[in-house]
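Observations on the model geometry
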Amino acid sequence: MSTVSLESLRQAFPQAAVEEAGGFGPAVILTSVQELPAAVQRLQALKSQALDVCEDYTALEEGDNYILVLHLVASADVTARVTLKAPVAKATAEAPSLTPWYGIANWYEREVFDMYGIRFVGHPDLRRILLPEDWVGHPLRKDYSDDKLLKRPGA
Amino acid sequence: MSTEISSIGALETASMNTEEVTLNMGPQHPSTHGALRLILRLDGERVVSAQPDFGYVHRGMEKMGETLTYPQYIFLSDRIDYLASFFNEWGYCLAAEKLGQVEVPRRADYLRVIVSELMRVTSHLIWLGAMGMDLGAFTPLTYTFREREMVLDLFEALCGQRMTFNYMRIGGVSRDLPAGFVDKAKAFLKYFEKMPDVYDALLSKNPIFIARMKNVGTMPTDMARSFAVTGPNLRGSGTALDLRQSEPYSVYPDFKFQVITRPEGDSLARYQVRVEEMRQSAAIIAQALDGIPEGDIMSKVPRVFKPPKGEAYARVESCRGIQGFYLVSDGSTKPTRCRIRVPSFANLAVMPTLLKGVHVADVVAIMGSLDFIVPEIDR
């Protein structure tokens, strides 16, 4: 059973912050959103273990940023995996599309767009995927509000 | 067909004006297994493009995860994929346990394995019946539902519910086995032992069934990889990825079983993988029933569960593939982000590529063999 070593990741990403992760996977790589496609390419071509499957692609909200979170694994060995994070400024909310590298990125990016309103530049068909096309707002944003949302008593 | 007739046919098509037809399959179509709409562009009998449209059962599971406390969410996780409820509960509990660094007693882990593998059997049984029905064979459905009832009776004896169980807890399970459960489960396994052969006789050796499944919807390994397909669909394409063995969680290292793969990648291969997996699950359940250790079923978890700041991604091998939960904690009683990675989402994403150029009659066979659950995709 082999995993991706921290050293090999640090060699591949001298600029980015590579941290040892506690709860999941061996490492978290923090990269800027402009360098996201380059980072994915480098991980796909990693010599020790090509991380070629995008198991999950989502986002979360932290301060002034949305953070794109990718869980990447190797098809040859599922224990080799890495979490890739890239902050996107709320003001621009724009990120390059990863559709050329992963087939599944098409739908995952549509979901992130649907829920967080991040626009993926270069996406072939960026539209809502779960919610109706005429829906207003992006529900997973923390400041999202809706007339129909029920207020919890005492909240 | 004689050459004379076929050449006349070719002449007629050459002079005929043809145009593409758009066909809406669903959202209320019996073979879409839930509310899924498939927009098909057809050129005669051939599919030019297929565009799935879904979200009809979107309930905002991820948003709700941010407004409920950790223990409160378990009952809701049952409803993500209602045919694999135990796997949803298990995945969510695993992620929460990772966050709060909670140990699970061995006895509870054994109980989790037993109920989850029984769940896998019932889910595959439903799929088998529905798959046969999609292709016009109604009889297998009556057989598989008969067997499923027996397992549901076991679940009912265990936790009072037949579909949405709310059985697992962060740090263990809610109830111990009722009196007589082990004997009843063993009696079921003894009865079930010969059933896959019966299904084989009904479907697998039926020439019509084979003709409609073989070499239909072939998914090469690199296509599966690009779309992050997991579970029996991936194993039907020759990749032996099964988390229970590739990266064992819980007490799976204790059990001996095979990971079933088929190299062909067509609908028939995916079918064979699932039928064989039912046998393997039965083997795991038999070993687990024999080896249940004594002890607690719950570890000591504080009444108000407040995991420290941090994040955890836990995944389990559900009956449809890798089910993952990504929880982010800010130190309060509720997660700030509750992401659910569902296997059916990826398994459906491969469909537009898979359906390109197939006959319209094969669409149903391919959809059935992929075994996705729409409420799980919609969340």
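Here, the structure is the one placed above.
Residues numbered from 1 in each chain as written. Chains lettered and ligands numbered in written order. Predicted model: local features only at pLDDT ≥ 70, side-chain atom pairs only at ≥ 80, totals over all residues.

Regarding its fold elements, chain A presents 3 helices and 7 strands. Listed by position from the N terminus, the elements making up chain A come as α-β-β-α-β-β-β-β-α-β. Within chain A, the proportion of its 155 residues that are buried is 41%. Expressed as a percentage of contacts within chain A between residues at least 6 apart in sequence, the contacts between residues at least 24 apart total 47%. (Helix = DSSP H or I, 4+ residues; strand = E, 2+ residues; numbered from the N terminus. Buried ≥ 20, exposed ≤ 12 C-beta atoms within 10 Å, placed from the backbone. Contact = placed C-beta atoms within 7 Å.)

Along the backbone of chain B there are 17 helices and 8 strands. Since a compact globule built from 379 residues should have a radius of gyration of about 21 Å, the 22 Å found for chain B is in line with a globular shape. Each of the three principal axes of chain B carries a C-alpha extent, and together these read 80 × 45 × 35 Å. Counting only residues that meet the buried cut, chain B has 47% of its 379 residues in that class. In chain B, 71% of the contacts between residues at least 6 apart in sequence involve partners at least 24 apart. (Rg over C-alpha atoms; globule rule 2.2 N^0.38 Å.)

Right, let's talk about the packing of helix α4 (residues 85–100) of chain B against helix α5 (residues 106–134) of chain B for a bit. Packed helices, taken two at a time, are described by their axes: the angle between them and the distance between them. Residues and elements named next belong to chain B. Viewed as axis vectors pointing N to C, α4 and α5 meet at an angle of 140°, and their least axial separation amounts to 8 Å. With respect to their mutual orientation, α4 and α5 come out oblique. Facing α4, whose interface residues are S85, F86, F87 and W90, α5 presents R112, V115, S116 and M119. Here the contact of α4 with α5 is built from residues that sort into 5 nonpolar, 2 polar and 1 charged. (Axes fitted to C-alpha atoms, helices over the stretch in contact; angles between N-to-C directions. Parallel < 35°, antiparallel > 145°, perpendicular 65-115°, else oblique. Nonpolar A, V, L, I, M, F, W, Y, C, P; charged D, E, K, R; others polar.)

A few words on the sheet that holds strand β8 (residues 335–341) of chain B. Residue and element names in this part refer to chain B. Sheet architecture is open: 3 strands sit in the order β6-β7-β8, paired in antiparallel fashion. The sheet is open, and its two borders are formed by β6 (310–318) and β8, each paired with just one other strand. Within this sheet the neighbouring strands show an average axis-to-axis angle of 10°, counted without direction. Judged from the 9 bridges that link them, β6 and strand β7 (residues 321–329) form a sheet pairing that is antiparallel. For V316, the partnering residue across the bridge sits in β7 and is Q323. Relative to β6, α4 is tilted by about 150°, and along the sheet it contacts β6 and β7. (Pairing = 2+ DSSP bridges.)

Now for the nonpolar core. Ranked by size, the top nonpolar core spans 141 residues in total, and within it C54(A), L72(A), I104(A), I118(A), A95(B) and L327(B) carry the most contacts. If you tally residues by element for this core, the top one is α5(B), at 13 residues. In this structure A95(B) touches A312(B), Y313(B), A314(B), F325(B) and L327(B), once residues within four positions along its chain are discounted. (Core = buried A, V, L, I, M, F, W, Y, C linked by C-beta atoms within 7 Å.)

Further remarks concern the pairing of strand β2 (residues 27–30) of chain A. Residues and elements named next belong to chain A. In β2, alternate side chains face the same way, and those of A27 and I29 are buried while those of V28 and L30 on the opposite face are not. The pairing of β2 with strand β5 (residues 81–89) spans 4 bridges and is parallel. Bridging from a neighbouring strand, V28 pairs with T83 of β5.

Turning our eyes to something else, we now look at the sheet that holds strand β2 (residues 37–43) of chain B. Residue and element names in this part refer to chain B. Read across the sheet, 3 strands follow the order β1-β2-β3 without closing on themselves; strand pairing throughout is antiparallel. Of all strands in the sheet, those bounded by a partner on one side alone are β1 (21–25) and β3 (46–53). Direction aside, the axes of adjacent strands within the sheet are offset by 20° on average. By the bridge criterion, 7 bridges tie β2 to β3 in an arrangement that is antiparallel. Counted as the bridge partner of L38 is P52 from β3.

Looking now at α5(B). Residues spaced three or four apart along an α-helix point in a common direction, a consequence of the helix completing one turn every 3.6 residues. If you check α5(B), its first and last C-alpha atoms are 42 Å apart, about what 29 residues at 1.5 Å a residue would give, namely 42 Å. Of the residues one or two after α5(B), G136(B) is the one with positive phi, at around 95°. (Expected span 1.5 Å × (residues − 1).)

Across the contact, 24 residues belong to chain A and 31 residues belong to chain B. With 6 residues, strand β3 (residues 53–62) of chain A is the largest single contributor of residues to the side of chain A that touches chain B. When its residues are assigned to classes, the side of chain A that touches chain B shows 13 nonpolar, 8 polar and 3 charged.

Attention now moves to the packing of helix α7 (residues 181–192) of chain B against helix α13 (residues 267–290) of chain B. Residues and elements named next belong to chain B. The N-to-C vectors of α7 and α13 enclose an angle of 150°; their axes lie 11 Å apart at closest approach. Between α7 and α13, the crossing angle belongs to the class labelled roughly antiparallel. As α7 packs across α13, the resulting crossing turns out to be left-handed. The residues of α13 that touch α7, namely those facing V182, A185, K186, L189 and F192, are A282, I285, A286 and L289. In terms of residue class, the contact of α7 with α13 is made up of 8 nonpolar, no polar and 1 charged. (Left-handed = near helix turned anticlockwise from the far one by under 90°.)

This part is about the environment of T333(B). All names here are of chain B. Within the secondary structure, T333 sits in the loop between β7 and β8. What makes T333 partly exposed here is the crowd of 14 C-beta atoms within 10 Å. Along the primary structure T333 and V275 are separated by 58 residues, whereas in three dimensions their C-alpha atoms are 42 Å apart. Residue contacts for T333: discarding those within four places in its chain leaves T69, Y70, V304, F305 and K306.

Okay, unusual backbone geometry next. Residue and element names in this part refer to chain B. Positive phi, normally seen in glycine, also occurs at N166, with a value near 50°. Note that N166 resides in the loop between α6 (139–159) and β4 (168–169). Although it is not a glycine, N215 adopts a positive phi angle of roughly 60°. Along the chain, the position of N215 falls in the loop between α9 (207–213) and α10 (221–226).

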